[in-house]
Amino acid sequence: PILHTYTVRRQIEIDNGFFNAGIQLMQAGIRRKISQLPHADVSPLPDRVEGSRQSQVIDSLVAESDLHLTTKRTMDSFQYTELDMLLFRVFNVDTVLLTGINTDTCVMSTTFSAANRGLKPVVVSDCVASTRGRDSHDMALELMSRSVAWVLDVDEITEKLAAHEQGSAA
């Protein structure tokens, strides 16, 4: 199964100042007009507002059978979402392939959470990126590969899956 776990901000959250998921670092940056992005100014505006194009997954990445969990409010895709229940109770998986942004925040946090739950996380290195720059991206991949996950590119994953299928058929 393909599960897209992401944030869609409801108007009531925005009206009550909850557009940045309560993350203290982000709040401090907005107050002090300090951006976490080396190439952009700080934006005090909420992103991923319900109904906006930014609140949707890019069409080319979505199939009709994909599931969308839009209640993500922290960097960790497991926290306060249905992801844990779906993976363990509905789909009964033991391995997850992780893609997305930002490598050094959401992907890394979710990868650690997956490992902490006993899953085998695989970070698809050419399907993750960071808006904070290549150095942040590379640092996160290195940390995850040394501690809690396999970090492989699409070709490596395809090769390993093919070898696994050949071994299963024998």
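Counting restarts for each chain, with residues numbered from 1 along the sequence as it is written. In keeping with the model being predicted, local features are shown solely for residues with a pLDDT of at least 70 and side-chain atom pairs are shown and tallied solely at 80 or more, while totals for entire chains, interfaces and linings include all residues. Values reported for side chains reflect all heavy atoms of the structure, with hydrogen atoms and water molecules removed beforehand.

### A few points about the pairing of strand 4 (residues 120-129)
- Alignment of strand 3 (residues 95-101) against strand 4, held across six bridges, turns out to be parallel. Counterpart to Leu98 in the pairing with strand 4 is Val123.
- By convention a crossover is right-handed if, when the strands point away from the viewer, the path from the first strand over the helix to the second runs clockwise. Comment: elements are numbered from the N terminus, with helices defined as DSSP H or I runs of at least four residues and strands as E runs of at least two. Between the parallel elements strand 3 and strand 4, the chain passes through helix 4 (residues 103-116) in a crossover that is right-handed.
- As for the winding sense of the linkage, the β-α-β connection from strand 4 through helix 5 (residues 134-147) to strand 5 (residues 150-152) is right-handed. Whether two strands pair depends on DSSP finding at least two bridges between them.

### Focus: a negative patch on the surface
- The grouping of Asp126, Asp155, Glu156 and Glu159 at the surface amounts to a negative patch.
- With three residues, the single largest contributor to the negative patch is helix 6 (residues 154-169).
- Relative to the assigned elements, Asp155 resides in helix 6.
- Judged by relative accessible area, which is 62%, Asp155 ranks as exposed. Like charges within 9 Å and nonpolar side chains (Val, Leu, Ile, Met, Phe, Trp, Tyr) within 5 Å are joined into patches, using only residues over 30% in relative accessible area that form no salt bridge. Throughout, the Shrake-Rupley method with a 1.4 Å probe supplies accessible areas, and for residues the shown protein chains are the sole cover considered. For this analysis, a salt bridge means a side-chain nitrogen from Lys or Arg found within 4 Å of a carboxyl oxygen belonging to Asp or Glu. In summary, the charge assignment counts Lys and Arg as positive and Asp and Glu as negative, without counting His or the chain termini. Each charge is placed at NZ for Lys, CZ for Arg, CG for Asp and CD for Glu. A simple rule labels every residue: compare its accessible area, found with a 1.4 Å probe on the protein chains alone, to the largest value its type can have, and call it buried under 20%, exposed over 50%, or partly exposed in between.

### Describing the pattern of salt bridges
- Considering all chains together, one arrives at eight salt bridges under this definition.
- The salt bridge involving Glu13 is made with Arg10; its shortest N-O contact spans 3.2 Å.
- A relative accessible area of 7% places Glu13 in the buried class.
- One salt bridge in this structure joins Asp94 and Lys120, with 3.3 Å as the shortest N-O distance.

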